[in-house]
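Read off the chains here:
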Amino acid sequence: MVAGTMRNRWLSPTAVVVLAAVIALGAAFDPSGLAAPYTWTGADLLPVAGLWQVAAPAVYVPLLLAGVGVLAWVVARGRAPLRTALLVWGAVVWSAMAAKLTMSLVMAFGDVVYLAWSTGFTGVKAAVFGLPVLAATWLTQFLHRRLTPPSPESGTEPTAASGPGWVAAGVAVVVGALVGGVWWGGSPIGYAIGDSPLAPAPEAGPLGYLAAVTLLGVMTWALNRRLSTTTSPRAVVAGISALGAAATLGLVEVAIGLPGDLAGGDTFWAPAIMLRLAPALSFGALLALATAALVALLPATFPARRTTLRPAHKGVAFSAPTRMAAVVAAAALAVPLLQPGTATTPPPHTKGLTLSADRRIVDADGNEVLLRGVNVNQLEDYFQKFPDKAVTRPLTEADFAGMEQMGFNVIRLALSWSALEPQPGQYDPAYLARISWAVETAAKHGLRTVIDMHQDAWGKGVNAAPGTTCENGSPMHGWDGAPTWADRFDGAPRCEFTGRDISPAVARAFTNFYQDRDGIQTRLVAAWGMLAERFANEPMVAGYDLLNEPGFGEAPPITSGVLLGRYYDRAIKAIRAGEKRGFPHLVFFEPSVLWSGLGFEVSVPKDFTDDRLLVFAPHLYNESITIDQGTGITITSIERGFDLASRAAAYYGAGLWSGEWGWFGDPASAPITRYTDQEDRHRIGGAFWVWKQSCGDAHAGAEDDTGGNLIIEDCATGKNLPPPPEYVAELSRPYPRSAPGRLTSLTSDQASLTARGEGAGCGLDVWFPGGAQPVVRGAGLTGVATRKAPGGWRITGCTRGAYTLTAHR
């Protein structure tokens, strides 16, 4: 055997051992798995409730190691250290994505396109944790080359322009043309990065589309030529070349998007790199598979040829680039066939709130409604963190009167599943009566109610036993949400890694919930059906918020995307069944808790439900309690947060409402005005967190002198203190409670308002705070009247066509 074909028997074991070590270290230092290649929560593996429970250790890790081992063995004949190491690095990235897809299908069979797309995040991580493998294989191959001198008859290792190079390029172009629209146009993270001007998707326009598929073809051909030798496994090289071409496209998209990502005064450019590379890499995995398969199936047709040009005999000889260019030209004429559909079915008529064709929240008369108000947590069932302090403050009619005086027209009423269903299938009639009383009393004061199934860090049961020690983080105390009979922690540590939601016990509990282990999800779905039946004919119930800040589980975005979406679909179907004797209400759905912590998230699939009465309700805590604020940097600014939320709502064809916001800390320095300016600019509503919070609330600290955020409690006396004037001024500022047709612009501050709209009707109703009657002017208005209301004034009137209303003190 000549040296040029001598296999390096140490290459494959080295790659596998180094990769295994990286996986083990990552699991030890990052039990969340958000950054590490493998999630090890410390939960028990036995008894096995389903294949999903062992999918990571029994499917993902073995397939990843086996894939890298086999591919490293296949490419081990080459003597060029860098070329071989790059091929092994590509093998790590591709094997990680292939293993993740297989694991995903075991955990959540179906939604194949979404699951395949989401493997791109694994690919980005694999490119990073594959670097030690690249270094180790380069060193192994370098030593092999030095210690194994070539035989006299072998000479140096010959390079070759791969025979199937133009075929690989053609496959990349064709697949890119046909499938690119799904990967880019239908991307569940596309809202965060916008439409790229360079992508194999119609959104990029004809030139961007043509440039993208051309780039895929040219780079596949070029990389195939660079990485190939006469001893190279042609199919493997062709596949990894296609993967590299897609990665190159992703890097070009990063460069194109960088100026916009850098704008805005935040550091969103950093996660944007990952968000742009991920779909490119998952797409590259598909290209690699298709390219390698075709080249492997047709070995005799495309023999390897040396770089020396041979003279043509009869006929015309076309070079590989010429052939590839022909394929590009042909594919450029193709129209992508797999574009995602857009729902056009109008929402059903309702006596309550509904959605307009352009996704605005409107009432039964077609008036646009801005739902602005506050969260109410006084019916929640919190863990008793401090034995001498009440966990909540009493909810009385005086609370609703106070909300009315601030001009609010909605509350987000937080419920606790643990109080609603203390035993499986047994609903607490006293708790249901309290909910009904709150809805009815709120309505008396002009307040609609969004019924919110609230939870924080799963529930009370996450409380760590006394004496618990944690290798990572600190012992947890209990929170709120699920009843203890629904707890399924499987021995996972009840420790906070970097926060309450990044906990092994919380992740395992949510994974069990998403998998409906022992029917626990089915019980919550049934509870939603019961509540919907109870309020089926109540027009002052604005809608139902299906789950507050859902946990991301052990395998996001499988758990926090596909499986969360399936829970949402089940809950919506139960709600609609419960409403048969009434009318349909809005459904508010949230991304996972990662959005509250990061300001963006890979949320549920676009087609998670056929229902169209949807409102996307993320929590816009940007520059407030997001994870980045503890580091002194801002990843997503308030302004960018609104833009991301707006684009995500459009992606789902849903309305937009900020389910929670606030908690800025010191009111005097809080950027609350910037927040409210954006609320006006986007013409949406939201619910401030929170109306009254007890000093004994699970969020409170033992050293706190006061509790709450708006109506503050003196922890020493239990009495109310005056609310922060900075918050009151912004929260009670003027706004249209309803407006005929649609609002086209809105600006306001504490003492003035300018609202413009288009439409005819008499549903104009504007709130204006303060004791002095406002001066009202306008155009396109008739019958304008100003009447005194608790805490301020109500301006009403009729409109015709385009209209403008201004009001000031």
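Keep in mind that this is a model prediction, so the values were computed, not measured.

The secondary structure content of the protein chain amounts to 21 helices and 25 strands. C-alpha atoms of the protein chain, sized along the principal axes, occupy 100 × 65 × 50 Å. The buried share among the 809 residues of the protein chain stands at 59%. Considering only residue pairs separated by 6 or more positions, the protein chain has 74% of its internal contacts joining residues 24 or more positions apart. Just so you have it, the protein chain exposes about 30,600 Å², and 62% of that area is on carbon and sulfur atoms. Side-chain charges in the protein chain split into 62 positive and 65 negative, and the spacing between the mean points of these groups amounts to 11 Å.

With 7 of 7 residues buried, strand β7 (residues 410-416) lies mostly within the body of the structure. Alternating positions in β7 separate into two faces, Val410, Arg412, Ala414 and Ser416 on one and Ile411, Leu413 and Leu415 on the other, with burial throughout. A crossover connection joins strand β6 (residues 372-376) to the parallel β7 through helix α12 (residues 397-405); in handedness this β-α-β unit is right-handed.

This brings us to the pairing of strand β23 (residues 761-769). Among the 9 residues of β23, 7 are classified as buried, and the element is accordingly described as predominantly covered. Sheet topology places β23 next to strand β25 (residues 792-808); 7 bridges connect them, and they run antiparallel. Bridging across to β25, valine 766 finds its partner in isoleucine 795.

Attention now goes to the state of the cysteines. By the definition in use, this model includes 3 disulfides. Cysteine 695 shares a disulfide with cysteine 715; S-S distance 1.9 Å. Looking down the S-S bond of the cysteine 695 and cysteine 715 bridge, the torsion is -95°, so its handedness is left-handed. Placement of cysteine 695 in the loop between β16 (686-689) and β17 (706-707) and of cysteine 715 in the loop between β18 (712-714) and β19 (720-721) is noted, with a sequence separation of 20 residues between them.

Bringing the packing of aromatic side chains into the picture now. Across all of its chains, the model carries 29 aromatic pairs by this definition. Centre to centre, the rings of tryptophan 595 and phenylalanine 616 are 5.5 Å apart; their planes meet at 75°, and the pair counts as edge-to-face. Of the two residues, tryptophan 595 is situated in helix α18 (residues 593-598) and phenylalanine 616 in strand β13 (residues 614-616); the sequence distance between them amounts to 21 residues. Between lysine 389 and the ring centre of phenylalanine 386, over which it is positioned, the NZ or CZ distance is 5.0 Å.

A word on the side chain of threonine 636. Counting through the fold element by element, threonine 636 comes out in the loop between β13 and α19 (638-652). Within the local environment of threonine 636, its side chain forms a polar contact with the backbone oxygen of leucine 598, the two atoms lying 3.0 Å apart. A polar contact is formed between the side chain of threonine 636 and the side chain of asparagine 622, at a distance of 2.8 Å.

Here we come to a nonpolar patch on the surface. Together, Leu82, Leu86, Trp138, Leu139, Leu143 and Leu147 make up a nonpolar patch on the protein surface, roughly 570 Å² of accessible area in all. Those elements that place two or more of their residues in the nonpolar patch are α3 (81-107) and α5 (131-147). Following the sequence through the fold, leucine 147 ends up in helix α5.

Across the sheet, which stays open at both edges, the 9 strands sit in the order β14-β13-β12-β11-β8-β7-β6-β16-β15 with parallel pairing between neighbours. With one partner strand each, in any of the chains shown, β14 (655-656) and β15 (658-662) form the two edges of the open sheet. Inspection of the sheet shows β13 paired to β14 by 2 bridges, in the parallel sense. Looking at β14, one finds that phenylalanine 616 is bridged to leucine 656. Packed onto the sheet, helix α14 (residues 429-444) meets β7, β8 (448-454) and β11 (541-545) and runs at close to 175° relative to β7.

Counting 182 residues, the largest nonpolar core has Trp458, Trp528, Tyr567 and Leu710 as its most contacted members. In contact with tryptophan 458, other than residues within four places in its own chain, are Asp480, Gly481, Ala482, Ala486, Asp487, Phe489, Val506, Ala509, Phe510 and Phe513. Formed by 17 residues, the second largest nonpolar core is a distinct cluster that contains Leu743, Leu753, Ala755 and Phe768.

So, on to helix α15 (residues 504-514). Judged by how many residues are buried, α15 sits mostly within the fold: 11 of 11 residues are covered. If you check which residues of α15 are buried, you get Pro504, Ala505, Val506, Ala507, Arg508, Ala509, Phe510, Thr511, Asn512, Phe513 and Tyr514. Lining the buried residues of α15 we find α13 (417-420), β10 (495-496), α16 (520-534) and α17 (558-578). Once α15 ends, the next one or two residues include aspartate 516, with phi positive near 55°.

A separate point is the side chain of arginine 640. By the element assignment, arginine 640 lies in helix α19. Apart from residues no more than four positions distant in its own chain, arginine 640 is found in contact with Gly260, Asp261, Ala263, Gly264, Asp266 and Phe268.

Thresholds applied
- Each chain has its residues counted from 1, following the order in which its sequence is written.
- Reporting in this predicted model follows two pLDDT cut-offs: at least 70 for local features of residues, and 80 or more for side-chain atom pairs to be given and counted; totals over whole chains, interfaces and linings ignore these cut-offs and use all residues.
- The basis for every side-chain value is the complete set of heavy atoms in the structure, and neither hydrogens nor water enter the calculation.
- To qualify as a helix, a DSSP run of H or I must reach at least 4 residues; to qualify as a strand, a run of E must reach at least 2; elements of each kind are numbered from the N terminus.
- Only protein chains enter the area calculation, which uses a 1.4 Å probe; residues under 20% of their type maximum are buried, those over 50% are exposed, and those in between are partly exposed.
- Whether two residues are in contact is decided by their heavy atoms: any pair within 4.5 Å suffices.
- In these tables, accessible area is a Shrake-Rupley quantity obtained with a 1.4 Å probe, and a residue counts as shielded only by the protein chains included in the view.
- Charge counting treats Lys and Arg as positive and Asp and Glu as negative, with His and both chain ends excluded.
- For the purpose of locating charges, the reference atoms are NZ of Lys, CZ of Arg, CG of Asp and CD of Glu.
- The crossover handedness rule: strands pointing away from the viewer, path from first strand over the helix to second strand clockwise, crossover right-handed.
- Think of it this way: DSSP has to see at least two bridges between two strands before they count as a pair.
- By disulfide we mean two sulfur atoms from cysteines, separated by a distance within 2.5 Å.
- What counts as a ring pair is set by centres within 6.5 Å for rings of Phe, Tyr and Trp (its six-membered ring), and what kind of pair is set by the plane angle: stacked under 30 degrees, edge-to-face over 60, tilted for all other angles.
- Over a ring means this: the NZ of a Lys or the CZ of an Arg is within 6 Å of the ring centre and within 35 degrees of the ring normal.
- Nitrogen and oxygen atoms within 3.5 Å of one another constitute a polar contact, given that in protein one can donate a hydrogen and the other can accept it, and given that sequence-neighbouring residues count only through two side-chain atoms.
- Patches here: salt-bridge-free residues with over 30% relative accessible area, like charges joined within 9 Å, nonpolar side chains (Val, Leu, Ile, Met, Phe, Trp, Tyr) joined within 5 Å.
- Think of a salt bridge as a Lys or Arg side-chain nitrogen and an Asp or Glu carboxyl oxygen that are within 4 Å of each other.
- Orientation is described by lines fitted to C-alpha atoms, with helices fitted over the stretch in contact, and by angles between N-to-C directions that extend from 0 to 180 degrees.
- In plain words, nonpolar cores are sets of buried Ala, Val, Leu, Ile, Met, Phe, Trp, Tyr and Cys residues tied together by side-chain atoms within 4.5 Å.

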